[in-house]
Amino acid sequence: MSALRIKKGSTSHSAYNLRPTFSDVQERHTLALLVENEAGVLARVIGLFSGRGYNIESLTVAEVDHDNALSRITVVTVGTPQVIEQIKAQLGRIVPVRDVHDLTVEGPAVERELALIKVSGAGDKRIEALRLAEIFRANVVDSTLESFVFEMTGASDKIDAFCELMRPLGLQEIARTGVAAMSRGSA
Amino acid sequence: MANMTGAQMVVKALKDQGVEVIFGYPGGAVLPIYDEIFQQNDIRHILVRHEQAAVHAAEGYARSTGKPGVALVTSGPGATNAVTGLTDALMDSIPIVVLSGQVPTFMIGSDAFQEADTVGITRPCTKHNWLVKETDALADTLHEAFHVCTNGRPGPVLVDIPKDVQFASGTYKAPGKADIGHYQPRLKGDPEAIEQMVALMETAERPVFYTGGGVINSGPAASQLLREFVAETGFPITSTLMGLGCYPASGEAWLGMLGMHGLYEANMAMHGCDLMINIGARFDDRITGRLDAFSPESKKIHVDIDPSSINKVVKADVPILGDVAHVLEDALRIWKSRGRKTNKEGLQKWWAQIEQWKQVECLKFKQEGAVIKPQYAVQRLEELTKGMDRYISTEVGQHQMWAAQYLGFEDPNRWMTSGGLGTMGYGFPASVGIQVAHPDALVVNVAGEASWLMNMQEMGTAVQYRLPVKQFILNNERLGMVRQWQELLHGERYSHSWSDALPDFVKLAEAFGAKGIICSDPNDLDDAIMEMIKHDGPVIFDCLVTKHENCFPMIPSGKAHNEMLLGEADTQGVIDAKGSVLV
Ligand SMILES: Cc1cc2nc3c(=O)[nH]c(=O)nc-3n(C[C@H](O)[C@H](O)[C@H](O)COP(=O)(O)OP(=O)(O)OC[C@H]3O[C@@H](n4cnc5c(N)ncnc54)[C@H](O)[C@@H]3O)c2cc1C
Ligand SMILES: Cc1ncc(C[n+]2csc(CCOP(=O)(O)OP(=O)(O)O)c2C)c(N)n1
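Residues numbered from 1 in each chain as written. Chains lettered and ligands numbered in written order. Predicted model: local features only at pLDDT ≥ 70, side-chain atom pairs only at ≥ 80, totals over all residues. Heavy atoms only, no water.

Stated precisely, the cut-off is as follows: UniProt positions are given in the numbering used here, feature names are shortened, and annotations may be inferred rather than shown by experiment.
Under an unreviewed UniProt entry, the name given to chain B is Acetolactate synthase, and the source organism is Thalassobacter stenotrophicus. Its UniProt record gives chain B a comment under Sequence similarities (unreviewed entry), which states: "Belongs to the TPP enzyme family." Of chain B, the UniProt comment under Catalytic activity (unreviewed entry) reads exactly: "2 pyruvate + H(+) = (2S)-2-acetolactate + CO2".

The name that an unreviewed UniProt entry assigns to chain A is Acetolactate synthase small subunit, with the source organism given as Thalassobacter stenotrophicus. Of chain A, the UniProt comment under Sequence similarities (unreviewed entry) reads exactly: "Belongs to the acetolactate synthase small subunit family." According to the UniProt record, the Subunit (unreviewed entry) comment for chain A is "Dimer of large and small chains."

See the structure below:
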């Protein structure tokens with residue numbers, strides 16, 4: 001029997017290359033998980049994303065119910081609708097995950113992030129930074145003669161915009177918390 | 001609520017969970033538990049010769065009984081040796097509980113002797129795992145472990161128990177009293193979806209049941225209900241490698257296994273159907289072939305207990321989340337109450353078409369010449385053992401596929417094979433676990449010589465416990481499945497696919513105190529097989545077979561169901577570069 005005309009040195013990729021995606025559109029979704037606050041639960045969530053090749057754009061976690069030892073994890077992820085569905089199903093299957101909510105599809109939600117932004121400079125640049133901070137409602141939480149640390153809370157794109165403006169004005173350092181999100185209304 | 005040490009709790013919890021046997025291997029970090037095992041007679045401990053084998057044996061035990069299998073290993077290397085078995089059980093949804101010892105809590109993180117981050121290492125290869133840091137939490141955790149591993153989609157769990165937790169005293173809680181957490185998957189399917197399913201079944205012209213391991217997982221009632229549904233509707237049925245036995249091979253509607261090495265009629269029916277009824281199967285890539293050409297004209301019903309299986313690779317038109325037995329019970333009831341309707345005319349034509357496909361006789365082969373063909377060996381094994389109380393395990397490779405094709409399974413839980421992970425070395429220890437569970441049954445491991453060598457140390461276990469497991473080795477002196485791919489995909493460049501320097505299997509058996517049989521002449525085969533069956537003890541059967549046999553039918557990677565290769569003549573130039581990157 002003859003060789004099957006495979007070119008020598010044809011490289012191997014993954015077996016999953018031939019998977020047709022149901023739709024190619026990439027969507028950004030914010031997921032809120034309620035998890036039992038046991039050792040390793042965050043590692044399980046993160047391991048799921050890395051192990052299965054999903055994206056994490058932002059992730060925040062903190063205990064929200066001390067008595068019942070429950071934490072809330074907010075994950076912002078990007079994928080095709082099918083991948084997003086898989087992510088939710090896979091998250092739901094982790095034993096200590098109690099609840100998975102897709103805030104992006106479950107109706108309007110508010111999303112906020114907190115950032116600390118250090119800008120240093122002198123003269124006009126310093127004055128301009130302060131002026132812009134006022135427009136963006138960023139607070140000065142530390143100042144020296146050469147620098148400011150601004151604190152701002154807002155939607156992620158607003159923080160992005162502010163950081164971009166600070167770049168030419170002496171941006172030194174950014175610390176961001178990642179997104180915390182919640183559905184609007186009473187439910 | 002009694003006060004006792006952690007080690008006592010382990011043994012007590014196992015007893016309370018109905019565990020009769022555990023497979024294990026001792027070491028420093030589990031000595032307190034071994035001490036307790038020594039002082040009781042309710043739980044039998046089987047000393048394996050390698051921790052991987054302990055886990056596979058537990059899998060064989062679990063799959064052949066429907067009960068969870070239990071393995072006990074020490075910290076560090078004991079736990080890391082268990083990883084392959086855990087991954088195997090995860091991929092095939094097998095309920096097992098692995099207990100591992102750990103260094104004392106106050107030494108964790110200090111690179112102590114035989115310390116490994118066992119929960120970290122096994123997190124992605126278990127359904128869930130726990131490190132128990134206090135003796136008072138041990139009973140809850142052990143009972144939760146059994147609850148999680150057997151409920152919903154079954155899978156392996158691991159409980160890591162530091163040595164000081166085993167020594168310390170605490171309060172034991174019985175199963176009914178323990179806090180087993182919130183894990184409670186849904187069993188009942190959505191009635192509306194089931195109604196839709198029935199409606200589609202009433203009008204379908206070319207329906208097919210595509211069944212899988214989920215039917216076996218769901219328990220004997222699921223197989224019973226499935227059989228009734230098939231008999232009532234007259235729909236054809238196929239099954240994955242993992243589902244064999246859920247419908248009897250002698251049944252009228254049986255099409256045989258489907259998939260990469262499945263039967264022509266099964267794959268053509270999947271390709272041409274207008275209604276696919278997936279019961280507990282997961283659209284594995286061995287089944288679907290090229291996805292954009294997979295069963296293009298069918299509506300798809302998908303019954304599965306795991307939401308992540310649904311719409312993962314193939315979009316379901318009617319997804320039904322629930323347990324197979326529960327869903328089938330409701331579906332059958334609704335179908336009956338709506339008047340037991342099927343599209344008789346359509347079905348008649350469909351069966352006529354299927355009969356034509358069957359004429360192809362895709363499993364036909366000719367035993368000629370002086371050398372035994374592997375297909376012939378399996379066929380003779382089937383003929384000589386089919387009426388018996390028989391359990392089969394396999395290793396991984398061509399022999400596994402031939403076993404799936406040429407053996408017939410009449411009942412669930414009779415067929416144990418490593419499907420998802422494809423673990424060479426699975427079959428022998430699995431056969432040990434099966435034989436422990438069914439001491440009087442005939443247990444045969446259909447093996448390839450290369451796979452079998454991977455866990456051959458278990459001969460010691462088989463001999464020590466007088467387990468009469470039959471190791472039926474189809475010896476082609478090749479890593480046959482690899483050789484086949486190299487022939488078809490890599491220009492016949494047989495890179496390292498020989499089994500060189502093989503042992504003399506008869507002498508090897510004798511060295512362990514077991515019986516060895518060698519057979520090379522087709523005329524002697526029946527007698528030799530009978531000799532193997534009749535021998536009351538473990539046997540290594542070295543069946544010398546043709547060396548370059550390929551396994552057909554075969555759907556090459558990246559091809560559609562109707563592009564199947566039926567024999568050598570079909571193989572010219574079929575797999576393109578895109579297909580060759582697939583595994
Ligand atoms: C060399 C080799 C070749 C192979 N070739 C083939 C081949 O030709 N054909 C083939 O079929 N396979 C083949 N396999 C096996 C293949 O890799 C897969 O393991 C197999 O096809 C998966 O079977 P399954 O779809 O039944 O799923 P399983 O892995 O058995 O999964 C069961 C599914 O049922 C669900 N489930 C579990 N419990 C329940 C319940 N109580 N109720 C409802 N749903 C439940 C699970 O969530 C899961 O989705 C091969 C393997 C090897 C190693
Ligand atoms: C642990 C492990 N390593 C490697 C492989 C890849 N592999 C699949 S089949 C096979 C050859 C098996 O040879 P043998 O057991 O002799 O069976 P045969 O195919 O000849 O029947 C190999 C190496 C595997 N499945 N598992």
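Some thoughts on empty space enclosed by the protein
Residue and element names in this part refer to chain B. The condition that has to hold: Using only the protein atoms, space was sampled on a 1 Å grid; points where a 1.4 Å probe fits but cannot get out form cavities, open sets with protein on both sides within 12 Å along at least five of seven lines form pockets, and lining residues are those with an atom within 4 Å of a point. Grid points are joined across faces, edges and corners, and a volume is the space filled by probe spheres set on the points. Under the scheme used here, helices are H or I runs from DSSP no shorter than 4 residues and strands are E runs no shorter than 2 residues, and both carry numbers assigned from the N terminus. All residues other than Ala, Val, Leu, Ile, Met, Phe, Trp, Tyr, Cys, Pro, Asp, Glu, Lys and Arg, Gly among them, are scored as polar; the first ten of these are nonpolar and the last four charged. An automatic or database domain assignment is the source of the domain bounds shown.
Taken as a whole and assessed by the stated rule, the structure comprises two cavities of 30 Å³ or more. Along its surface, the largest cavity is lined by E59, R63, D88, D92, I94, M242, W415, M416, T417 and Y426. Contributing elements (two or more residues each) for the lining of the largest cavity: α3 (51–65) and β16 (415–416). Of the residues assigned to the lining of the largest cavity, the class counts are five nonpolar, one polar and four charged. Mapped onto the domain boundaries, the lining of the largest cavity takes at least three residues apiece from domain 1 (2–177) and domain 3 (374–544).

Here we look at the packing of α3 of chain B against helix α18 (residues 427–437) of chain B
Residues and elements named next belong to chain B. Going by this rule: Only the stretch in contact is used when fitting a helix axis, every axis being a line fitted to C-alpha atoms; angles between N-to-C directions are given from 0 to 180 degrees. Each angle receives one of four descriptions, namely roughly parallel if under 35 degrees, roughly antiparallel if over 145, roughly perpendicular if within 65 to 115, and oblique otherwise. The hand of a helix crossing depends on one turn: near helix anticlockwise from the far one by less than a right angle means left-handed, and clockwise means right-handed. The contact definition used throughout considers only heavy atoms, calling two residues in contact when any of these lie within 4.5 Å.
The geometry of α3 relative to α18 is characterised by a closest axis approach of 7 Å and an angle of 50 degrees between their N-to-C directions. Here α3 is positioned oblique relative to α18, judged by the angle of their axes. Here the hand of the crossing between α3 and α18 comes out right-handed. Here α3 contributes A53, H56, A57, G60, Y61, S64 and T65 to the contact with α18, which in turn contributes P429, A430, G433, I434 and A437. Among the residues forming the contact of α3 with α18, the class breakdown is seven nonpolar, five polar and no charged.

So, the domain arrangement of chain A
All names here are of chain A. As a reminder, the rule being used: Summed over both partners, the accessible area (1.4 Å probe) lost when two parts come together is defined as the buried area. Here a salt bridge means any side-chain nitrogen of Lys or Arg lying within 4 Å of a carboxyl oxygen belonging to Asp or Glu. Between N or O atoms, a polar contact is any pair within 3.5 Å; within protein, one atom must be a potential hydrogen donor and the other a potential acceptor, and residues adjacent in sequence are included only when both atoms are from side chains.
Domain boundaries assigned for chain A yield domain 1 (27–102) and domain 2 (109–183). Averaged C-alpha coordinates put domain 1 and domain 2 at centres separated by 28 Å. Contact with domain 1, which involves eight residues of that partner, is made by seven residues of domain 2. Summed over both sides, the interface of domain 1 with domain 2 buries roughly 530 Å², with 45% coming from carbon and sulfur. Interface area lost by domain 1 to domain 2 is led by T30, T60 and R72, which between them contribute 54%. Counting across the interface, domain 1 meets domain 2 through zero salt bridges. Between domain 1 and domain 2 we count four residue pairs in polar contact (both at pLDDT 80 or more) in total. Broken down by class, the residue content of the side of domain 1 that touches domain 2 amounts to two nonpolar, four polar and two charged.

Looking at the domain arrangement of chain B
Residues and elements named next belong to chain B. Domain assignment breaks chain B into domain 1 (2–177), domain 2 (191–358) and domain 3 (374–544). Each partner contributes residues to the interface: domain 2 has 15 residues there, and domain 3 has 17 residues. Both sides together, the interface formed by domain 2 and domain 3 hides about 1,400 Å², and carbon and sulfur atoms give 64% of it. In terms of surface lost to domain 3, no three residues of domain 2 exceed L241, L244 and H261, which account for 40% of the buried area on that side. Taken together, domain 2 and domain 3 are joined by one salt bridge. Across the contact surface, domain 2 and domain 3 share five residue pairs in polar contact (both at pLDDT 80 or more).

A short note on the site of ligand 1
All names here are of chain B. Heads up, the rule is: Nearness of a residue to a molecule or strand requires only that one of the residue's heavy atoms be within 4 Å of it. For the accessible areas, the method is Shrake-Rupley and the probe is 1.4 Å, while residue cover comes only from the protein chains on display.
Not every one of the 37 residues close to ligand 1 is listed here, only the nearest: G213, T240, H261, R282 and D304. Within the side chain of T240, one N or O atom sits 2.7 Å away from an oxygen atom of ligand 1. Relative to its unbound accessible surface of 980 Å², ligand 1 loses 96% to contact with the protein. Among the elements that take part in the shell around ligand 1, helix α10 (residues 213–218) stands out by supplying four residues, more than any other. Taken together, the residues of the shell around ligand 1 sort by class into 13 nonpolar, 17 polar and seven charged.

Some remarks on helix α14 (residues 324–337) of chain B
Residues and elements named next belong to chain B. This is how it is decided: Helices are assigned an expected span. That span is 1.5 Å times one less than the residue count. Relative accessibility decides the category of a residue: with a 1.4 Å probe and only protein chains considered, values under 20% of the type maximum give buried, values over 50% give exposed, and everything between is partly exposed.
Between its first and last C-alpha, α14 extends 20 Å over 14 residues, near the 20 Å set by a 1.5 Å rise per residue. The set of residues buried in α14 consists of V324, A325, V327, L328, D330, A331, L332, I334 and W335. Of the surrounding elements, those touching the buried residues of α14 are α9 (191–203), α10, α11 (220–233), β12 (275–279), β13 (299–304) and β14 (318–321). Two residues or fewer after α14 comes G339, characterised by a positive phi angle close to 100 degrees.

Considering the site of ligand 2
All names here are of chain B. Around ligand 2 sit 17 residues, and of these Q398, H399, G422, S451 and G480 come closest. Between ligand 2 and R478 there is a distance of 3.1 Å, counted from an oxygen atom to a backbone nitrogen or oxygen. G480 has a polar backbone atom sitting 2.8 Å from an oxygen atom of ligand 2. When ligand 2 is considered free in solution it has 590 Å² of accessible area, and contact with the protein chains removes 76% of it.

What about the confidence of the model for chain B?
What counts, and what does not: Think of pLDDT as the predictor's per-residue confidence, scored from 0 to 100.
Taken residue by residue, chain B gives an average pLDDT of 96. The fraction at 70 or more is 98%. In the predicted assembly, ipTM is 0.90 and pTM is 0.95.

Some words on the nonpolar core
Residues and elements named next belong to chain B. Where we set the bar: What is meant by a nonpolar core is a set of buried Ala, Val, Leu, Ile, Met, Phe, Trp, Tyr and Cys residues, joined one to another through side-chain atoms within 4.5 Å.
M197, F209 and F541 are the most contacted members of the largest nonpolar core, which totals 107 residues. It is α14 that contributes the most residues to this core, eight residues altogether. Both domains that furnish three or more residues to this core are identified here as domain 2 (191–358) and domain 3 (374–544). The residues touching F541, leaving out its near neighbours within four places in the chain, are Q471, F472, I473, I517, C519, L525, A528, I529 and M532. By size, the runner-up hydrophobic cluster in this structure holds 44 residues, among which are C125, V436, L508 and I540.

A few points about the UniProt feature "domain: Thiamine pyrophosphate enzyme central" (unreviewed entry) in chain B
According to UniProt, the positions carrying the feature "domain: Thiamine pyrophosphate enzyme central" (unreviewed entry) are residues 194–329 of chain B. Overall, residues 194–329 of chain B shows 36% helix and 20% strand. The separation of its end C-alpha atoms is 10 Å.

A closer look at the sheet that holds strand β3 (residues 44–47) of chain B
Residues and elements named next belong to chain B. Under the convention used in this document: The rule for pairing is simple: two strands pair if DSSP sees at least two bridges between them.
With parallel pairing, six strands are arranged side by side in an open sheet as β3-β2-β4-β5-β7-β6. Only two strands of the sheet have a single partner each, and these edge strands are β3 and β6 (128–131). Taken over all neighbouring pairs, the strand axes of this sheet differ in orientation by 20 degrees on average, direction set aside. Judged from the four bridges that link them, strand β2 (residues 21–24) and β3 form a sheet pairing that is parallel. Following the sheet pairing, G24 is matched in β3 by L47. Across the sheet, helix α2 (residues 31–38) is in contact with β2, β3, β4 (69–73) and β7 (156–162); its angle to β4 comes to roughly 125 degrees. Each of β4, β5 (96–102), β6 and β7 touches helix α7 (residues 138–150); the most contacted strand, β7, lies at about 165 degrees to it.

Here's the deal with the pattern of salt bridges
By the definition in use, this model includes 36 salt bridges over all chains. Between E173 of chain A and K118 of chain A there is a salt bridge, with the nearest N and O atoms lying 3.7 Å from each other. With E173 of chain A in strand β8 (residues 171–176) and K118 of chain A in strand β5 (residues 109–120), the pair connects residues that are 55 residues apart, well separated along the chain. A relative accessible area of 33% places K118 of chain A in the partly exposed class. When the shortest N-O distance is used, the salt bridge between R290 of chain B and E563 of chain B registers 3.8 Å. Here R290 of chain B is found in the loop between α13 (285–288) and β13, whereas its partner E563 of chain B is found in the loop between β20 (539–544) and α24 (577–580), with 273 residues between them in sequence. The partly exposed category is assigned to E563 of chain B, whose relative accessible area is 33%. Connected through salt bridges with shared partners, the residues E85, K88 and D102 of chain A form a single ionic network.

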